[in-house]
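Results of the structural survey
So the chains spell out like this:
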Amino acid sequence: MRGLSWSSGCTPRRNLRMIDANYVGFDGYRHRGRIIVNKRIARKTARIFTKLHSQAFPIRQMQPVDVYGPNRGRPGANDYASMAADNASAFNCRYVVGKESQRARSPHASGRSIDINPWENPYVARTGVYPNRHYLNRTLAHPAMFKKGRTALKTVRAVGCSWGGSFRDYHHFDC
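This write-up is about the structure you can find in this document. (Residues numbered from 1 in each chain as written. Predicted model: local features only at pLDDT ≥ 70, side-chain atom pairs only at ≥ 80, totals over all residues. Heavy atoms only, no water.)

Here we take up the state of the cysteines. The final tally for this structure, using the stated rule, is 2 disulfides. Paired through a disulfide, Cys10 and Cys93 show a sulfur-sulfur distance of 2.1 Å. Disulfide Cys10-Cys93: torsion about the S-S bond near -100 degrees, hence left-handed. Note that Cys10 is positioned in the segment before strand 1 (16-24) and Cys93 in the loop between strand 4 (87-88) and strand 5 (113-115), a separation of 83 residues in sequence. Judged on exposure class, the residue Cys10 and its partner Cys93 are both buried. Across the disulfide, Cys161 is cross-linked to Cys175 (sulfur-sulfur distance 2.1 Å). The sign of the S-S torsion, about 110 degrees, decides the handedness of the disulfide formed by Cys161 and Cys175: right-handed. Here the residue Cys161 occupies a position in the loop between helix 3 (151-158) and strand 8 (162-163), and Cys175 occupies one in the segment after strand 9 (172-174), the gap between them amounting to 14 residues. Assessed through its relative accessible area of 4%, Cys161 is described here as buried. By relative accessible area, which is 11% here, Cys175 ends up buried. Here the protein pairs its bonded cysteines, counted in sequence order, in the arrangement 1-2, 3-4. (Disulfide = S-S within 2.5 Å. Helix = DSSP H or I, 4+ residues; strand = E, 2+ residues; numbered from the N terminus. Buried < 20%, exposed > 50% of the residue type's maximum accessible area, 1.4 Å probe, protein only.)

This is the structure in structure tokens:
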């Protein structure tokens, strides 16, 4: 994490926890993934992924964002590459996507935000749509999409996390 998702001035590493969790992949099989979160939401995060697994909610992959290398010229690991890979992630001491020039710290810098299935649940920023435009059509039927009324969305909200859907960040949850 040092020099990638974490650097001096970020949330202290002692306040972060790595959660190992099972998830159902897009292939229908059980997989094991890892996600780094703030210790204050570690139990919530474990409950979220345990429940999503029991519901067979598909997740393409879940690995620490560091796997995607450095965020060129900016703090944090490469969130753009992580989103393009449809990776579920959380802690990354970086700027808000689309607001890098303003140096606005992302809520992910605290480790209290989680992104799940960004490909099927894109983020609409002033500077563009990340990682793709296809799933902006929220009427599409895809089992990995978060939508109002769906069990997966209710599951994440039930543990006290708020959904970014109201500001068109469909893969984002603040816990």
